[in-house]
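Examination of the molecular architecture
Listed here are the chains, written in short residue letters.
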Amino acid sequence: MANVTVIGGQWGDEGKGKIVDWLSSRADVVARFQGGHNAGHTLVVGNQTYKLSLLPSGIVRGTLSVIGKGVVLGPWAFKAEVEKLSEQGVTITPDNLQIADNCPLILPIHRDLDALREDASGQGKIGTTRRGIGPAYEDKVGRRAIRVCDLAHVNHLDPQLDRLCAHHDALLAGFGKPPVDRERLKQDLREIADFVLPFAKPVWLTLNEARHRGHRILFEGAQGVLLDVDHGT
């Protein structure tokens, strides 16, 4: 198997999980490259069922698994999923799981904005999962994102928060809501930082080295193409 990318050609739920699980057992590295924790795969291995929303499917087979910078990472969802899989007997350490250090974070303000917009949309609702994926991508392309590497210096984030909150405070005011509680946000980030940071790596280097060594890399898509195009995330 050379490098392989698995994507859904429709709206999702095409059975990608079965194919990815089969391929991941033959791959050296499995890389999740897009989406957030609004999608994922259900895997049945032996008599055990694993429900993955964010982690690459290779993790249940011990294959080196990578979350790339194209993913928007919900750090609290990540922690919950790691803990749940660990309870099922899956070994998850920085030795077999890496997160791109420049991966953008899904923050509580993204989740709140997602819900506010959906509730205000009337018949124009798009059925978002309200998990903040869309607003997090907006901040990524708008160059406002807080990234995984920023968790290492939360106490020095004020210049970045100035830019982020200049955008979000205006949106919140439009909905009649108070501005972002910056101190609460920084405290939330401090509390999750120690869990996430050990997994942070320059994954571009990991993948580049694997390619040069002739290793087989599986790029795992989470959503269907039409879902991404429709912005229904």
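For the structure, check the block above.
Summarised in this report is the structure supplied together with it. Worth saying up front: this structure is predicted, and the values here are computed from it rather than measured. (Residues numbered from 1 in each chain as written. Predicted model: local features only at pLDDT ≥ 70, side-chain atom pairs only at ≥ 80, totals over all residues. Heavy atoms only, no water.)

Comments concerning the pattern of salt bridges
- Using the criterion set out here, one finds 10 salt bridges in the structure.
- Here Arg-216 makes a salt bridge to Asp-28, at a shortest N to O gap of 3.5 Å. Remark: Asp-28 occurs in the loop between α1 (16-24) and β2 (29-32) and Arg-216 occurs in the loop between α7 (203-212) and β8 (217-224); sequence separation between them is 188 residues.
- Owing to a relative accessible area of 31%, Arg-216 belongs among the partly exposed residues under this scheme. (Salt bridge = Lys/Arg side-chain N within 4 Å of Asp/Glu carboxyl O. Helix = DSSP H or I, 4+ residues; strand = E, 2+ residues; numbered from the N terminus. Buried < 20%, exposed > 50% of the residue type's maximum accessible area, 1.4 Å probe, protein only.)

Description of the packing of helix α3 (residues 108-120) against helix α4 (residues 133-141)
- Contact geometry for α3 and α4: axes closest at 7 Å, N-to-C directions at 115°. Classified by chirality, the crossing of α4 by α3 is right-handed. Mapping the contact onto sequence places His-110, Leu-113, Asp-114 and Arg-117 in α3 and Ile-133, Pro-135, Ala-136, Glu-138 and Asp-139 in α4.
- Classifying every residue of the contact of α3 with α4 by side-chain character gives four nonpolar, one polar and four charged. (Axes fitted to C-alpha atoms, helices over the stretch in contact; angles between N-to-C directions. Left-handed = near helix turned anticlockwise from the far one by under 90°. Contact = heavy atoms within 4.5 Å. Nonpolar A, V, L, I, M, F, W, Y, C, P; charged D, E, K, R; others polar.)

Structural notes on the pairing of strand β4 (residues 48-52)
- Note that strand β3 (residues 41-45) and β4 share five bridges and pair antiparallel. In the strand pairing of β4, Leu-43 is matched with Tyr-50.
- Taken together, β3 and the strand that follows it, β4, pair antiparallel across an intervening segment of two residues, in which Gly-46 is found at a positive phi of about 65°. (Pairing = 2+ DSSP bridges.)

What about the packing of aromatic side chains?
- For the coordinates displayed, the defined rule picks out three aromatic pairs.
- Ring geometry for Phe-78 against Phe-195: centres 5.9 Å apart, planes inclined by 70°, an arrangement best described as edge-to-face. Here Phe-78, found in helix α2 (residues 75-87), pairs with Phe-195, found in helix α6 (residues 182-196); they are 117 residues apart in sequence, far enough to count as distant.
- Residue classification places Phe-78 among the buried positions, given a relative accessible area of 0%.
- Under the relative-accessibility criterion, Phe-195 is labelled partly exposed at 22%.
- Measuring from ring centre to ring centre gives 5.3 Å for Phe-78 and Phe-199, while their planes differ by 85°; the resulting arrangement is edge-to-face. Of the two residues, Phe-78 is situated in helix α2 and Phe-199 in the loop between α6 and β7 (200-201); the sequence distance between them amounts to 121 residues. Phe-199 shares its class with Phe-78; the two are buried.
- Every member of this aromatic cluster is reached through a ring pair, and the members are Phe-78, Phe-195 and Phe-199. (Phe/Tyr/Trp six-rings, centres within 6.5 Å; stacked < 30°, edge-to-face > 60°.)

What to know about helix α5 (residues 158-174)
- Between the first and last C-alpha of α5 there are 23 Å, a value that for 17 residues agrees with the 24 Å anticipated at 1.5 Å per step.
- Maximum bend of α5: about 35°, positioned at Cys-165.
- Restricting attention to buried positions, one finds in α5 the residues Leu-161, Leu-164, Cys-165, His-168 and Leu-172.
- The elements touched by buried residues of α5 are α3, α4 and α6.
- Just downstream of α5 lies Gly-176, where phi reads positive at about 75°. (Expected span 1.5 Å × (residues − 1). Bend = angle between axes of the 7 residues up to and from the residue.)

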